[in-house]
Amino acid sequence: MPDFIADLRDIKFALIEQAGIEKLFKTEKHKELDRGTVESILDEAYKFAREVLAPINAVGDADGAKFDKATGKVTLPKGFKEAFGLYRENGWLGFSASTEWGGQGMPYALQIAANDLFFGACLAFCLEALLTTGAAHLVETFGNDELKKIFLEKMYTGVWAGTMCLTEPGAGSDVGACRTKAKKEGDHYAIEGEKIFISYGEQDLTPNICHAVLARIEGAPEGTKGLSLFLVPKVRVKADGSLGEPNDVVCSGIEHKMGIHASPTCALVFGGNGKCHGYLLGEEHKGMRAMFQMMNEARIDVGLQGAALANAAYQLALAFARERKQGKNLVTGKDATILEHPDVRHMLMWQKAIAEGCRALLLRTAIFEDLANTSASEEDRNRYNGLVEILTPICKAYASDQGFRSAELSLQTMGGYGYLKEYGVEQYLRDNKIASIYEGTNGIQALDLMGRKLPAKGGADFKSLITLMSELTQKYAKHPTLGPEVGILAQARDVLVDVSMFFAAEGAKKPLLPVLNATVYLDLFGQVVVGWLLIEQATLAMPRLDAILKAKGVSLTDAAALQKLCDADADAKFYAGKVKVAQFYARRALTQCAAKAAVLKAGDQSALEVAL
Ligand SMILES: Cc1cc2nc3c(=O)[nH]c(=O)nc-3n(C[C@H](O)[C@H](O)[C@H](O)COP(=O)(O)OP(=O)(O)OC[C@H]3O[C@@H](n4cnc5c(N)ncnc54)[C@H](O)[C@@H]3O)c2cc1C
């Protein structure tokens, strides 16, 4: 298998220079941090990703998690247990969790940057850590003091693991159709029901698994309004924190699936023998609202999965294209590597744009989340919170959809070799597909964006996002190099505003029109946001590039001289790459926005009219 390669420099650039993690160093919470520490942490994360996680990726895929029907036990592939031990010992689990409960208290954005490396190295492994910290955070926010004391530190330090249990055979996207029951019994609730598709619902990494379970208390209303959230341990815990008897949670099987083979996707039976105890998190019937905390966090992580695997696949394809010789160079007539062929370059440029643009989106959203938690003024906190809200469905759906397509282009770039297991890229493609499905399918994300996030607070969150874009377009409208691309961005932004207003007005008259078009609308929205961030990166890169070009006497439009300079100078290569990819995306993606808007506004409803 080829080595895992990540563009650490791009991660640092997007996190430090673009997203501006240094703003957090001025806050009380992160005043101990500095740029050097952030960079060293990322260096360590890359080392860990390469040395510990990447080596178990292919074996995890080949061997997969195993289920023993006789005992109900699940065994993870070779090396996973050891890797999990090292992951915990190194403090990566609970990395951004509160220090009060055993976490490291690091910025969320730094966690996302480290996860970019970890997901790219072995996604199936990382899901366990994600679910554990997400479930623990539910306990921290909604648990009573006793639950916090018993569970929290053990979960944030990975002694015990966590899961999220929503899905049932009849309740997929429609979570409100949940049938799992809860009945009050003294200090706990008796839980009874079946959950399916539960990632890491059973495993052999930790002696206890703390399930966050949605269930309906007897007599509660139908739908999501009647759901409550419970913490249901696999093994009961005694008052002194030691493990007691099993809690009647049984794994009845695991799924055989397209990718993430090492992540066990489990069917769980709760209370098959009437002995399953659950503990209420938050208030009765307010479980869905509570669970949204975990779902929203997970949605950003799932978008990152799309971006991280796209980045990893792009790096493999790029390395391959530099080596693989086929055909002749069209200009020189000499033997060529496939990197010299225009069509291959075009494919690689799309991959670079999507991979780096989606990474920038995820890191910027993560910084907004940190600022929402640490800003001094309430007004700022609300504004940042609103930006996270509106960007969450874009992160989840745009990065996972486009990440998958970008990984598909990586496979295409490698030709027949891409299709072979030993070249690694087909695993990235298979593993990536799930990101558009779980945590609310991308169709559901589009409905969330159109129906909830866009009109929220009278459109205030949408407006603050548009304001950020406008600040960039105003500042750089007359930029000598990037002015035309900034102009294209301004047009695309106006198109987005126009279409959004169209749906706001038309939706009242024709309610199915926005619903029918929500996915295309999200795609347009994501395209504009990613275009904004790529152009912003180019504006940051330009002064550095200008300085190098001036010193070397090279012009940006002299392709041959630029190539020669970039071959010899890594800084020139990096910054010129940023400028070129922004120009590419503006000219080839942002220019599509007007056509997409025309399609959306044409009001076609044939899909609703056809007999299928
Ligand atoms: C590998 C894997 C791991 C998973 N891990 C977990 C986990 O840890 N915990 C957990 O609880 N679940 C988990 N899931 C379940 C996952 O979240 C669901 O599969 C997902 O929510 C979709 O539900 P569904 O499969 O029932 O599809 P359905 O809901 O049947 O959807 C099928 C299609 O119909 C569309 N659709 C459905 N309803 C609507 C609607 N109202 N409007 C528009 N379109 C709609 C969907 O977008 C989709 O395209 C996992 C699934 C897999 C495959």
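Note that the structure is predicted; figures quoted are calculated from it, not measured.

1. Details of the nonpolar core
For step 1, the next point in the chain: Grouped together as the largest cluster of nonpolar side chains are 186 residues, with contacts concentrated most on Leu15, Leu53, Phe118, Phe125, Tyr521, Phe525 and Tyr585.
For step 2, the next point in the chain: Here this core gathers at least three residues from each of two domains, domain 1 (161-285) and domain 2 (470-603).
For step 3, the next point in the chain: In contact with Phe525, other than residues within four places in its own chain, are Ile390, Ile394, Leu449, Phe462, Leu465 and Leu496.
For step 4, the next point in the chain: Leu152, Leu166, Leu214 and Leu227 belong to the second-largest nonpolar core, a separate cluster that totals 32 residues.

2. Concerning the domain arrangement of the chain
For step 1, the next point in the chain: Annotation of the chain at the domain level lists domain 1 (161-285) and domain 2 (470-603).
For step 2, the next point in the chain: When each unit is reduced to the centre of its C-alpha atoms, the spacing between domain 1 and domain 2 is 45 Å.

3. Section: the packing of aromatic side chains
For step 1, the next point in the chain: Enumeration over the complete set of coordinates arrives at 25 aromatic pairs.
For step 2, the next point in the chain: Where Phe13 meets Tyr575, the ring centres are 6.4 Å apart and the plane angle is 65°; that geometry is what we call edge-to-face. One end of the pair, Phe13, is in helix H1 (residues 8-18); the other, Tyr575, is in helix H16 (residues 570-588), with 562 residues separating them in the sequence. We note that Phe13, like Tyr575, is buried.
For step 3, the next point in the chain: With a centroid separation of 5.4 Å and an interplanar angle of 65°, the aromatic rings of Tyr417 and Tyr423 are classed as edge-to-face.
For step 4, the next point in the chain: Aromatic rings pair up to connect Phe48, Phe80, Phe84, Tyr87, Trp92, Phe95, Phe118 and Phe125 into one cluster.
For step 5, the next point in the chain: Directly above the aromatic system of Trp160 lies the positively charged group of Lys154, at a separation of 4.8 Å from the ring centroid.
For step 6, the next point in the chain: Directly above the aromatic system of Phe404 lies the positively charged group of Lys433, at a separation of 4.8 Å from the ring centroid.

4. Things to note about the site of the ligand
For step 1, the next point in the chain: Near the ligand you find 18 residues, and of these Thr167, Ser173, Phe197, Ser199 and Thr441 are the closest.
For step 2, the next point in the chain: At a separation of 2.8 Å, a nitrogen atom of the ligand approaches a polar backbone atom of Met164.
For step 3, the next point in the chain: One of the backbone N or O atoms of Leu166 is found 2.9 Å from an oxygen atom in the ligand.
For step 4, the next point in the chain: Protein contacts shield 61% of the accessible area of the ligand, which totals 970 Å² for the unbound molecule.

What counts and how
Residues numbered from 1 in each chain as written. Predicted model: local features only at pLDDT ≥ 70, side-chain atom pairs only at ≥ 80, totals over all residues. Heavy atoms only, no water. Core = buried A, V, L, I, M, F, W, Y, C linked by side-chain atoms within 4.5 Å. Buried < 20%, exposed > 50% of the residue type's maximum accessible area, 1.4 Å probe, protein only. Domains from an automatic or database assignment. Contact = heavy atoms within 4.5 Å. Phe/Tyr/Trp six-rings, centres within 6.5 Å; stacked < 30°, edge-to-face > 60°. Helix = DSSP H or I, 4+ residues; strand = E, 2+ residues; numbered from the N terminus. Lys NZ or Arg CZ within 6 Å of the ring centre and 35° of its normal. Near = heavy atom within 4 Å. Polar contact = N/O pair within 3.5 Å; in protein donor to acceptor, adjacent residues only side chain to side chain. Areas by Shrake-Rupley, 256 points an atom, 1.4 Å probe, with all protein chains shown as cover.

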